[in-house]
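Take a look at the letters that make up each chain.
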Amino acid sequence: MKTIRTIGFTGTIASGKTSRCKHLLKVAESWQQSIAAAKGSGKNNATPSAALGSDRTMRPQAIPSSSALAVHYINADLVGHHIYEPGKPCYYDLLQHFGTAILTAPAPTKAASQQTGPPTQRIQEGAGRGFSAAGSGKAEPFIDRRVLGQIVFAEERKLQELNSICWPYITAAIKDEHAKVYASLKAAYPPLMGSAETLSSAIQTPTIVSPPSPSPSTSPDAAVLAAPAVGLVIVEAALLCEMTEVLELTTDLWMTHCTSATAVDRVMMRNQISREDAERRVASQLDVERKLLKLRHLPYKGDIEVFDTTQVSLEEGLKETEAAFERYWRKKIAVHL
């Protein structure tokens, strides 16, 4: 593999980050399939014009190894949800700090905050007995994100406390996932350089992991040449600019934003909450100017693509994403194919 790029996809609240990031995955898949088809037909076109049909479905798993590009997706929000599931250390930290009122059901007989021993010990003890770490023989209730959100968005101090508890766990989990993806790409597809003869000798070197075994009708040289030349990892995270250690994993940054007034209207409609509650949620996050200022102060060394979605329809926004990826493909990917 010649290079691995990591796009960090972030955005201010209610700016259309998720819909555009999902479309980016869809576009990347379409382009890689087009170039794979072109190579299969004997054409060498590193910049195909991949049209997206409305009936296409997004498949964010790794792209087949016969293409020129391998795509992986990491969703920080999903990682965040997993780290405070019952039995996880963060779950007990949140219970201890915010109390059992944040649970979806009545707390177990012996609340996690009243148990002795560190969270890790409680988890191990529960797993050893074959039931939850609460020791009651019943599954522990999940944390109610809606209730927790009402608590932390009502007071900035509590939101900061939530972040101080969760962010270290989320950061560690994302870094671990990214490291696994990066290692799998490096291990499965060693660097491609030089002639086919050089590649053939390279895969016989004990210190380099060979790509998947070719079919009986495929030579080793052809198998190596068929392996992806570029790995693309997309990390979606709403608070990416605030999570410096995760931000450092990215080579490029894409950011959506809209005005505060637009965000408030969208949050009210999306979450079915009052204007006052929506205004608090919008005010709890950095606006685009402060995010960009933070990036300049780091300083952030990658390229930054910014999308203002204030007066842009979803359809127009998706087309902007396609155009942005075409530029990205030509500048960052096609040069390695």
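Keep in mind the model is a prediction, meaning the values are calculated, not measured.

Parameters and conventions
- Residues numbered from 1 in each chain as written.
- Predicted model: local features only at pLDDT ≥ 70, side-chain atom pairs only at ≥ 80, totals over all residues.
- Heavy atoms only, no water.
- Helix = DSSP H or I, 4+ residues; strand = E, 2+ residues; numbered from the N terminus.
- Buried < 20%, exposed > 50% of the residue type's maximum accessible area, 1.4 Å probe, protein only.
- Contact = heavy atoms within 4.5 Å.
- Areas by Shrake-Rupley, 256 points an atom, 1.4 Å probe, with all protein chains shown as cover.
- Expected span 1.5 Å × (residues − 1).
- Arc of directions from axis to C-beta.
- 1 Å grid on protein atoms, 1.4 Å probe; cavity = no way out; pocket = protein on both sides within 12 Å on 5 of 7 lines; lining within 4 Å.
- Points joined across faces, edges and corners; volume = space filled by probe spheres on them.
- Nonpolar A, V, L, I, M, F, W, Y, C, P; charged D, E, K, R; others polar.
- Polar contact = N/O pair within 3.5 Å; in protein donor to acceptor, adjacent residues only side chain to side chain.
- Pairing = 2+ DSSP bridges.
- Axes fitted to C-alpha atoms, helices over the stretch in contact; angles between N-to-C directions.
- Parallel < 35°, antiparallel > 145°, perpendicular 65-115°, else oblique.
- Left-handed = near helix turned anticlockwise from the far one by under 90°.
- Core = buried A, V, L, I, M, F, W, Y, C linked by side-chain atoms within 4.5 Å.
- Salt bridge = Lys/Arg side-chain N within 4 Å of Asp/Glu carboxyl O.

Below, the discussion takes up the overall build of the chain. When you go through the chain residue by residue, the secondary structure sums to 13 helices and five strands. By the burial criterion, 42% of the 337 residues in the chain qualify as buried. Considering only residue pairs separated by 6 or more positions, the chain has 76% of its internal contacts joining residues 24 or more positions apart. Working note: accessible area of the chain is about 17100 Å², and carbon and sulfur atoms make up 53% of it.

This brings us to helix α13 (residues 314-333). The α-helix winds at 3.6 residues per turn, so residues separated by three or four positions along the chain end up facing the same way. In this model, α13 (20 residues) spans 26 Å end to end at C-alpha, consistent with the 28 Å of a helix rising 1.5 Å per residue. Taken as a whole, α13 has its buried residues at Gly317, Leu318, Thr321, Ala324, Phe325, Tyr328, Trp329, Lys332 and Ile333. Looking straight down α13, one finds its buried side chains confined to an arc of 150°; they lie on one side. Structural note: α13 exposes Glu315, Lys319 and Lys331 on the side pointing more than 90 degrees away from its buried face.

In this structure, the largest pocket occupies an estimated 1500 Å³ of space. Around the largest pocket sit 46 residues that line it, and Asp77, Phe153, Ala238, Leu239 and Gln285 are the ones nearest its centre. For the lining of the largest pocket, the secondary structure elements donating two or more residues are α1 (17-40), α2 (76-83), α5 (145-153), α6 (156-188), α10 (260-271) and α11 (275-283). Considering each element in turn, the lining of the largest pocket owes the most residues, eight residues, to α6. Each residue belonging to the lining of the largest pocket can be placed in one class, and the counts come to 19 nonpolar, 14 polar and 13 charged.

Turning our eyes to something else, we now look at α2. Residues of α2 that are buried include every one of Ala76, Val79, Gly80 and Ile83, and no others. The buried residues of α2 all sit within an arc of 100° when viewed along its axis, so they share a single face. Residue Asn75 occupies the N-cap position of α2, its side-chain oxygen lying 2.8 Å from the main-chain nitrogen of Asp77.

What follows is about the sheet that holds strand β1 (residues 3-11). If you walk across this open sheet you meet the five strands as β2-β3-β1-β4-β5, and the pairing is parallel. In this open sheet, the two edge strands, each paired with only one partner strand, are β2 (69-75) and β5 (303-308). Going across the sheet, the axis of each strand differs from the next one's by a mean of 15°, ignoring polarity. In this sheet, β5 lies alongside strand β4 (residues 252-257) in parallel orientation, the contact comprising six bridges. When the bridges of β5 are listed, His257 appears paired with Asp308. Those strands touched by helix α12 (residues 288-297) are β1, β4 and β5, and its axis lies near 165° from that of β4.

Packing of α10 against α11 brings their axes to within 9 Å, and their N-to-C directions diverge by 120°. On the basis of the axis angle, α10 is oblique to α11. The two elements α10 and α11 meet at a crossing, and its hand is right-handed. In this structure, α10 contributes Ser260, Ala263, Val264, Asp265, Val267, Met268 and Asn271 to the contact, and α11 contributes Arg275, Ala278, Glu279, Arg281 and Val282. Along the lines of polarity and charge, the residues of the contact of α10 with α11 split into six nonpolar, two polar and four charged.

Take the nonpolar core next. Counting 39 residues, the largest nonpolar core has Leu94, Phe98, Ile143, Leu162, Cys166, Ile174 and Leu253 as the members making the most contacts within it. Broken down by element, the residue count for this core peaks at eight residues, all from α6. Listed in part, the 24 residues of the second largest apolar core include Leu24, Val27, Ala28 and Trp329.

Moving on: the pattern of salt bridges. Under the defined criterion, the tally for this structure stands at 21 salt bridges. Note that Lys332 and Asp303 form a salt bridge whose closest N and O atoms lie 2.9 Å from each other. On the criterion of sequence distance, the pair formed by Lys332 in helix α13 and Asp303 in strand β5 is long-range, its members being 29 residues apart. For Lys332, a relative accessible area of 12% puts it in the buried group. With a closest N to O distance of 3.1 Å, Arg330 and Glu326 form a salt bridge. With Arg330 and Glu326 both in helix α13 and four residues apart, this pair spans about one turn of that helix.

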